[in-house]
Amino acid sequence: MKPSIKINDHGGILIDADVVIDGHEDFLPRVVTHIHSDHIRGLENTLNNKQKIVSTPLTAEWLKAYGYKIPENSLISLRYGEKVELEGYSLLLDKAEHIPGSAQVILENLENGLRIVYPGDFKKVGKGTKVWESDILIIDAVYGNPAYVREFDDFIEMLLSDLVSELLARGSVHIYGYYGKIQEVMQLLRIYGIDAPFILSHKQFLLAKIAENHGMKFGEFFHVNSSEAQEIIKSNWYVYFTHASSYSRLNANSNVSHVMLSGWEFTKPYRDLGNNRYLVAFSDHADFRGLVEYVSSSKPQMLVVNNVRSSSGSLFAEYIKTKLNIKSVILP
């Protein structure tokens, strides 16, 4: 018997009206794959109803840093590879290379063994993100248009690090990105040998402290309002990290270089926008080719495209049906 799969109006994935992933439905246990806003919609309602929450330990702690009060008796915290039985399914979380704490969701029906896989947001297919074979694959085709291809993905990390190093020779560097992506980039820059002190805005600092407790390595970093940070700022040799929304409010300063991390640049690895502003095509999502590779390697009997969190969802589903001969449906 095939499961009933529905997508609600904010992208939540309902499995047999028993479990919901990355969305809210009254009375159902909820899986949270990561902390980005489009995946935690309705979380206050979920918590107010005292529904079960399943997530990785880092995601749970980051949600608490966001201000969500998650009762311990409502939380099912799973490390990668751990399983729990939930509403007739064995549920496993596996790493998704997206932001720290991100998870793929693998559900296996305890009666018939049918496997449903939702990789959530991911990149680095087969490298940082394992491909799970599936009977039913549910995918967010964020870059579902065949035009959304980045030829430079394999070396963008090195390019970003080289750019930051070059800009630091002139003065301080401010980097703008979303929560989670900033912590990924902090660790990346240390791996590539950037040794300038890091200064963080308030919430980025809180998230970094938690991530550090979960094994990430950032070297020296300071809260922007600390006395240490204020002294470092005077030296004009540091990297400051803050949320992407601050980019539109930045002040021109000839001693500061501003770097915006964008997932919607496909033609060039980075752009010099003038006035010490740069845009780097650093995405935490697989491009069109990466999406197709995951689907092809997963070998599902059926693909479900989550149209709420997809661009060109119909186009992607048609491509998969035509090129890979896999039954594809679009929901809702």
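Residues numbered from 1 in each chain as written. Predicted model: local features only at pLDDT ≥ 70, side-chain atom pairs only at ≥ 80, totals over all residues. Heavy atoms only, no water.

**A short note on the domain arrangement of the protein**
By domain assignment, the protein separates into domain 1 (5-147 + 286-330) and domain 2 (155-280). Taking only C-alpha atoms, the centre of domain 1 and the centre of domain 2 are 29 Å apart. The interface of domain 1 with domain 2 comprises 16 residues on the first partner and 16 residues on the second. Considering only the side of domain 1, the residues that lose the most area to domain 2 are Trp62, Tyr66 and Tyr143, jointly responsible for 36% of the buried surface there. In this assembly, domain 1 and domain 2 are joined by two salt bridges. Salt-bridge contacts for lysine 124 lead to glutamate 157; the nearest nitrogen and oxygen are separated by 2.7 Å. Summed over the shared surface of domain 1 and domain 2, the result is six residue pairs in polar contact (both at pLDDT 80 or more). Residue classes in the side of domain 1 that touches domain 2 are distributed as ten nonpolar, three polar and three charged. (Domains from an automatic or database assignment. Contact = heavy atoms within 4.5 Å. Buried area = accessible area lost by both parts, 1.4 Å probe. Salt bridge = Lys/Arg side-chain N within 4 Å of Asp/Glu carboxyl O. Polar contact = N/O pair within 3.5 Å; in protein donor to acceptor, adjacent residues only side chain to side chain. Nonpolar A, V, L, I, M, F, W, Y, C, P; charged D, E, K, R; others polar.)

**So, the packing of helix α4 (residues 181-191) against helix α5 (residues 202-213)**
Packing of α4 against α5 leaves a shortest axis separation of 10 Å and a crossing angle of 65°. Note that α4 runs across α5; the crossing there is right-handed. Of α5, the residues touching α4 (which contributes Ile182, Gln183 and Met186) are Gln204, Leu207 and Ala208. The residue inventory of the contact of α4 with α5, partitioned by class, reads four nonpolar, two polar and no charged. (Axes fitted to C-alpha atoms, helices over the stretch in contact; angles between N-to-C directions. Helix = DSSP H or I, 4+ residues; strand = E, 2+ residues; numbered from the N terminus. Left-handed = near helix turned anticlockwise from the far one by under 90°.)

**With respect to the sheet that holds strand β6 (residues 75-77)**
Reading across from one edge, β1-β2-β3-β4-β5-β6 is the order of the six strands in this open sheet, with mixed pairing throughout. On the outer flanks of this sheet lie β1 (5-7) and β6, each paired with one strand and no other. The sheet contact formed by strand β2 (residues 13-15) and strand β3 (residues 19-21) spans three bridges and is antiparallel. When the sheet's bridge partners are listed, isoleucine 13 is paired in β3 with isoleucine 21. (Pairing = 2+ DSSP bridges.)

**With respect to the packing of helix α3 (residues 156-168) against α4**
How two helices pack is summed up by the angle between their axes together with the distance between the axes. α4 packs onto α3 with a crossing angle of 75° between their chain directions and a minimal axis gap of 10 Å. One element, α3, and the other, α4, form an angle in the roughly perpendicular class. Every residue of α4 that contacts α3 at Glu157, Leu160, Ser161 and Val164 is listed here: Val185, Leu188 and Leu189. For the contact of α3 with α4, the residue count by class is five nonpolar, one polar and one charged. (Parallel < 35°, antiparallel > 145°, perpendicular 65-115°, else oblique.)

**Some remarks on the sheet that holds strand β7 (residues 83-86)**
Ordered by their spatial adjacency, seven strands build an open sheet running β7-β8-β9-β10-β11-β19-β20, and the pairing between neighbours is mixed. The two strands at the open ends of the sheet, each matched to only one other strand, are β7 and β20 (327-331). Strand-to-strand twist of the sheet, defined as the mean angle between neighbouring strand axes without regard to direction, takes the value 20°. Here strand β10 (residues 115-118) runs beside strand β11 (residues 136-139); their pairing, made up of two bridges, is parallel. Bridging from a neighbouring strand, isoleucine 116 pairs with isoleucine 136 of β11. Across the face of the sheet, helix α7 (residues 288-298) comes into contact with β9 (103-109), β10, β11 and β19 (302-306) while running at roughly 170° to β11. Packing of helix α8 (residues 313-324) onto the sheet brings it into contact with β11, β19 and β20, and relative to β20 it is tilted by some 170°.

**Observations concerning the environment of proline 100**
Among the secondary structure elements, proline 100 is positioned in the loop between β8 (89-95) and β9. Along the sequence, proline 100 and valine 20 sit 80 residues apart, while their C-alpha atoms lie 22 Å from each other.

**A word on the pairing of β20**
The sheet contact formed by β19 and β20 spans five bridges and is parallel. Opposite valine 304, over in β20, you have valine 329 as the bridge partner. The parallel pair β19 and β20 is bridged by α8, and the resulting crossover is right-handed. (Right-handed = clockwise from strand over helix to strand, strands pointing away.)

**Remarks on unusual backbone geometry**
Of note, the bond from leucine 331 into proline 332 is cis; its omega dihedral lies within 30 degrees of zero at -5°. Inspection of the secondary structure assignment puts proline 332 in the segment after β20. At phenylalanine 27, a position not held by glycine, the phi torsion is positive, near 75°. One non-glycine residue, glutamate 87, adopts positive backbone phi at about 50°. One can find glutamate 87 in the loop between β7 and β8. We classify glutamate 87 as partly exposed; its relative accessible area is 45%. (Buried < 20%, exposed > 50% of the residue type's maximum accessible area, 1.4 Å probe, protein only.)

**Some remarks on the nonpolar core**
Of all hydrophobic cores here, the largest spans 50 residues; its most connected members are Leu160, Ile175, Met186, Phe198, Phe241 and Val259. The biggest single contributor to this core is α3, with seven residues. Lining this core are residues from two domains, each supplying at least three of them: domain 1 (5-147 + 286-330) and domain 2 (155-280). Leaving out residues up to four positions away in the same chain, leucine 160 has contacts with Val185, Leu188, Val259, Leu261, Val280 and Phe282. One finds Ile21, Val31, Ala103 and Ile138 within the second-largest nonpolar core, a separate group that totals 25 residues. (Core = buried A, V, L, I, M, F, W, Y, C linked by side-chain atoms within 4.5 Å.)

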